[in-house]
Amino acid sequence: MLTRVKSAVANFMGGIMAGSSGSEHSGGGCGGSDLPLRFPYGRPEFLGLSQDEVECSADHIARPILILKETRRLPWATGYAEVINAGKSTYNEDQASCEVLTVKKKAGAITSTPNRNSTKRRSSLPNGEGLQLKENSESEGVSCHYWSLFDGHAGSGAAVVASRLLQHHVTEQLQDIVEILKNSAVLPPTCLGEEPENTPANSRTLTRAASLRGGVGAPGSPSTPPTRFFTEKKIPHECLVIGALESAFKEMDLQIERERSSYNISGGCTALIVVCLLGKLYVANAGDSSSEEEVTNPKAIIIRNGEIIPMSSEFTPETERQRLQYLAFMQPHLLGNEFTHLEFPRRVQRKELGKKMLYRDFNMTGWAYKTIEDDDLKFPLIYGEGKKARVMATIGVTRGLGDHDLKVHDSNIYIKPFLSSAPEVRVYDLSKYEHGADDVLILATDGLWDVLSNEEVAEAISQFLPNCDPDDPHRYTLAAQDLVMRARGVLKDRGWRISNDRLGSGDDISVYVIPLIHGNKLS
Amino acid sequence: MYIIIGDTGVGKSCLLLQFTDKRFQPVHDLTIGVEFGARMVNIDGKQIKLQIWDTAGQESFRSITRSYYRGAAGALLVYDITRRETFNHLTSWLEDARQHSSSNMVIMLIGNKSDLESRRDVKREEGEAFAREHGLIFMETSAKTACNVEEAFINTAKEIYRKIQQGLFDVHNEANGIKIGPQQCISTSVGPSASQRSSSEIGSNSGCC
Ligand SMILES: Nc1nc2c(ncn2[C@@H]2O[C@H](COP(=O)(O)OP(=O)(O)OP(=O)(O)O)[C@@H](O)[C@H]2O)c(=O)[nH]1
Ligand SMILES: [Mg+2]
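- Going by the annotation in an unreviewed UniProt entry, the name recorded for chain B is RAB2B, member RAS oncogene family, with Felis catus given as the source organism.
- Turning to chain B, the UniProt record has this under Sequence similarities (unreviewed entry): "Belongs to the small GTPase superfamily. Rab family."

- By the naming in an unreviewed UniProt entry, chain A goes by PPM-type phosphatase domain-containing protein and is assigned to Felis catus.

As structure tokens, then:
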């Protein structure tokens, strides 16, 4: 994606920022900073590569496809393969991590008594036994599968940091709500420590909830539930998980921002994670979105019985445009007097001053005419068509982590305020379907989706997996390798070529193939 | 950069492991993609870092293996002296290699498992004849006893080095699998930190076979 930033600068013809030297966002792992790296550059930890292997694999000419070694296994027998770019950056700027997290009620945040009490309470409940069996005992914690994929731009720093740390933020956020989630029979309490609405098992929720706050509010136990005169929104459990993931992304971004003063954390990254918790898959995606039509992002799709189920819709360009325009409208200083938040069908020319031209503002979806003023001659906040659309002529990504130092070329205008770390989260209930061995969730970075459509990916998977031994522990890794091979292609005299002599992807390509059959036994 | 090719089970991964780690692995871990090894060697007083790519021999991975020839300066083409079919397949491997690599690639033919003399199925002379006919260097090795393993890799490196000196390789074209390190040392596919690394010592010719 670095190329996008660069080409944005190169393509830029408006004049105000023409010039040279882009020292701010140089490529490679260490953009010339004297500060130490937060983590050294490397490939995903689960690949277990030695320094020599990392070196060998960074071959932009032969572009070896790295896969999980025979001796290594990922949770759920997940398959993984990746390949480095064809030379656009020294390093592979994609990163990944995969692990099983154990989410336990935070120690210290609660007193030790509730645990003992809850056991007692539980056994006195008619269905207590069943609940206990289902999610283990309260103190055990819940295991949570986690897969992540990051696509870096303008340096590998942010992607490396996020691949090492985002899972901890996820765990931390889930810790606060794990006890509520486990109690699936009762809706989450609206206010912790308060008596929830009358439900059959409400006494448990109450005490549990109170215990989360370490007994803050009413010491002892509130005797009478407060009478409610107003309707209350019912918040299902999965919304708490979504909220936790959103908070985890935000915290990760804040941590990068904080640690920038002591470490060199270069560039930014898009982030796509999948969390499997209590029988549901949550796919959280903070990626590219300002581009219209063919949006290519790190993306997730489920292929179930040959059918494609998109699992990460890109933010619609429409809502994203309105968000950006609104922010610029509310805080015009962020535009540094160089940009206009209004959208015009094309650049406005000086000679058109005083004429009426079509435009739209943040609060419009349609178009109207307005008289062109001086201010309208400024460069548009979002400019460019399709994949080439850029925010402030600089970046094609509007969501993601990092990029705190990214400025508009030759100016002091920061881009970061316009970038959001908030992911879009989609939920998939694993229990609603009996999955077969060839039903998979595919997670991949731009490199794959740039050159292969959802249909081609599904087609490739449906050709590949049924021809593999269903018990072969490598089958999903081989399928991932096959997808990377299809997207990378073969080096011919006229560059990398894939089927039908189309151009292969010269980008970093990383692919997970996650079998969903392992989700069956969870529910 | 070297690439090791040949039928599945001939001992490619074992040869690499013996060369880089001086170990032998008795069980066959099928290689399903590509694996890497690296070692510094001394050729004519020059430190050279050999990067070796071990590929999958199984037929189903052929298209992936093929895509790695480009960028290789040398190839070890391996057969198993106890299995004639692995020798019979050499022609098809050679065709692949010639078709997909740069024309100057040095190819070393290796008859592996020389320790299994009693089960020999391909005569040494047959290997020699095949090599002569196709202009390859030839050696018999044993990844188990380490016999000739060093020599096989180092002789290939010497041959590449000779070709470089004769100007047959364009060392400035990275597609040939050769990179010049920072301190004038010629090395094959060297990464940024390679020249700082110490070399592992090389046993002198042991002449065991
Ligand atoms: N006796 C003996 N056995 C060997 C020798 N080299 C390899 N083997 C055995 O041959 C089997 C296959 O060796 P590998 O190195 O894994 O074969 P490979 O060529 O890498 O096979 P693929 O990865 O499938 O292409 C293993 O069981 C090794 O122990 C040798 O020199 N002598
Ligand atoms: Mg092998």
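**Focus: the overall build of chain A**
Okay, so step 1: For chain A, the count of helices and strands is 13 helices and 20 strands.
Okay, so step 2: When the 523 residues of chain A are sorted by exposure, 55% land in the buried category.
Okay, so step 3: When contacts within chain A are restricted to residue pairs at least 6 apart in sequence, those whose partners lie at least 24 apart make up 74%.
Okay, so step 4: Counting every atom, chain A has about 22300 Å² of accessible surface; 51% of that belongs to carbon and sulfur.

**Let's talk about the coordination of the magnesium ion (ligand 2)**
Residues and elements named next belong to chain B.
Okay, so step 1: Listed as protein donors to the magnesium ion (ligand 2) are S13 (OG) and T31 (OG1); their distances from the metal cover 2.0 Å. With S13 in helix α1 (residues 12-21) and T31 in the loop between α1 and β2 (34-43), this pair connects stretches of sequence that are 18 residues apart.
Okay, so step 2: With a relative accessible area of 7%, T31 lands in the buried category.

**Some details on the sheet that holds strand β1 (residues 2-5) of chain B**
Residue and element names in this part refer to chain B.
Okay, so step 1: With respect to topology, six strands assemble into an open sheet ordered β2-β3-β1-β4-β5-β6, the strand pairing being mixed. Each edge of the open sheet carries a strand with a single partner, namely β2 and β6 (137-140). Averaged over all pairs of adjacent strands, the angle between their axes in this sheet comes to 25°, without regard to strand direction.
Okay, so step 2: Note: β1 against strand β3 (residues 46-55), three bridges, orientation parallel. In the strand pairing of β3, I3 is matched with W53.
Okay, so step 3: Running at roughly 170° to strand β4 (residues 74-80), helix α4 (residues 90-100) makes contact with β1, β4 and β5 (106-112) of the sheet.

**Observations concerning the pattern of salt bridges**
Okay, so step 1: Tallied over the entire structure, the rule returns 40 salt bridges over all chains.
Okay, so step 2: Residue A:K416 pairs with A:D253 through a salt bridge whose shortest N-O separation is 2.9 Å. With A:K416 in the loop between β15 (401-402) and β16 (424-429) and A:D253 in helix α8 (residues 237-259), this pair connects stretches of sequence that are 163 residues apart.
Okay, so step 3: For A:D253, a relative accessible area of 9% gives the class buried.
Okay, so step 4: In the salt-bridge network here, residues are joined through shared partners; they are B:E117, B:R120, B:R124, B:E128 and B:E140.

**Describing the nonpolar core**
Residue and element names in this part refer to chain A.
Okay, so step 1: Of all hydrophobic cores here, the largest spans 89 residues; its most connected members are L441, I442, L443, L448, V511, Y512 and V513.
Okay, so step 2: At eight residues, helix α12 (residues 475-488) tops the list of elements feeding residues into this core.
Okay, so step 3: Ranked by size, the runner-up nonpolar core spans 40 residues in total, among them L101, V103, A159 and A286.

**With respect to a nonpolar patch on the surface**
Residue and element names in this part refer to chain A.
Okay, so step 1: Where nonpolar side chains cluster on the molecular surface, the patch consists of Y326, F329 and M330 and spans about 310 Å² of accessible area.
Okay, so step 2: As for its position among the elements, M330 is in helix α9 (residues 317-330).
Okay, so step 3: Look at M330 and you get partly exposed, because its relative accessible area is 49%.

**Thoughts on the environment of B:N88**
Residues and elements named next belong to chain B.
Okay, so step 1: You can see N88 is positioned in helix α3 (residues 84-88).
Okay, so step 2: Accessibility expressed as a relative area gives 48% for N88, which makes it partly exposed.
Okay, so step 3: On a C-alpha basis, the gap between N88 and L15 in space is 20 Å, while along the polypeptide they are 73 residues apart.

**Considering the site of ligand 1**
Residue and element names in this part refer to chain B.
Okay, so step 1: Taken together, 24 residues sit near ligand 1, with T8, K12, P26, G57 and A143 positioned nearest.
Okay, so step 2: Separating an oxygen atom of ligand 1 from a backbone N or O atom of V10 is a distance of 3.3 Å.
Okay, so step 3: Between ligand 1 and K12 there is a distance of 2.6 Å, counted from an oxygen atom to a side-chain nitrogen or oxygen.
Okay, so step 4: The protein chains hide 93% of the 650 Å² of surface that ligand 1 would expose on its own.
Okay, so step 5: With three residues, α1 is the largest single contributor of residues to the shell around ligand 1.
Okay, so step 6: Classifying every residue of the shell around ligand 1 gives nine nonpolar, 10 polar and five charged.

**Considering the packing of helix α5 (residues 157-175) of chain A against α8(A)**
All names here are of chain A.
Okay, so step 1: α8 packs onto α5 with a crossing angle of 135° between their chain directions and a minimal axis gap of 8 Å. Taken together, α5 and α8 sit at an angle that is classed as oblique. Both α5 and α8 take part in a crossing whose hand is right-handed. Facing A158, V161, A162, L165, L166, H169, V170, Q173 and L174 of α5, the residues of α8 in contact are V241, A244, L245, S247, A248, F249, E251, M252, Q255 and I256.
Okay, so step 2: Classifying every residue of the contact of α5 with α8 by side-chain character gives 14 nonpolar, four polar and one charged.

**Quick look at the confidence of the model for chain A**
Residues and elements named next belong to chain A.
Okay, so step 1: For chain A, per-residue confidence averages 79 on the pLDDT scale, and residues scoring 70 or more make up 76% of the total.
Okay, so step 2: This stretch, residues 1-31, has a pLDDT under 50; its non-local contacts, to residues over four places away or in other chains, come to 73 contacts.
Okay, so step 3: Below a pLDDT of 50 lies the segment residues 213-221, which in the model reaches four contacts outside its immediate sequence neighbourhood of four places, other chains included.

**Overview of α4(B)**
All names here are of chain B.
Okay, so step 1: Those residues of α4 lying buried are L90, W93, L94, D96 and A97. Looking straight down α4, one finds that the buried residues subtend no more than 160° of arc, so they occupy a single side. Facing away from the buried side of α4 by more than 90 degrees, the exposed set consists of E95 and Q99.
Okay, so step 2: In this structure, the buried side of α4 is in contact with β1, α2 (62-66), β4, α3, β5 and α5 (124-134).

**Digging into the packing of helix α11 (residues 454-464) of chain A against α12(A)**
Residues and elements named next belong to chain A.
Okay, so step 1: Where α11 meets α12, the axes come as close as 10 Å, and the angle between the chain directions of the two elements is 135°. Classified by the angle between their axes, α11 and α12 sit oblique to one another. Pair α11 / α12 crosses with right-handed handedness. Counted together, V457, A460, I461, Q463 and F464 of α11 and R475, L478, A479, D482, L483 and R486 of α12 form the full contact between these two elements.

Cut-offs applied
Residues numbered from 1 in each chain as written. Chains lettered and ligands numbered in written order. Predicted model: local features only at pLDDT ≥ 70, side-chain atom pairs only at ≥ 80, totals over all residues. Heavy atoms only, no water. UniProt positions renumbered as here; feature names shortened; annotations may be inferred. Helix = DSSP H or I, 4+ residues; strand = E, 2+ residues; numbered from the N terminus. Buried < 20%, exposed > 50% of the residue type's maximum accessible area, 1.4 Å probe, protein only. Contact = heavy atoms within 4.5 Å. Areas by Shrake-Rupley, 256 points an atom, 1.4 Å probe, with all protein chains shown as cover. Donors = N, O, S within 2.8 Å, 3.2 Å for Na, K, Ca; no water. Pairing = 2+ DSSP bridges. Axes fitted to C-alpha atoms, helices over the stretch in contact; angles between N-to-C directions. Salt bridge = Lys/Arg side-chain N within 4 Å of Asp/Glu carboxyl O. Core = buried A, V, L, I, M, F, W, Y, C linked by side-chain atoms within 4.5 Å. Patch = residues over 30% accessible without salt bridge, like charges linked within 9 Å, V, L, I, M, F, W, Y side chains within 5 Å. Near = heavy atom within 4 Å. Polar contact = N/O pair within 3.5 Å; in protein donor to acceptor, adjacent residues only side chain to side chain. Nonpolar A, V, L, I, M, F, W, Y, C, P; charged D, E, K, R; others polar. Parallel < 35°, antiparallel > 145°, perpendicular 65-115°, else oblique. Left-handed = near helix turned anticlockwise from the far one by under 90°. pLDDT = per-residue confidence, 0-100. Arc of directions from axis to C-beta.

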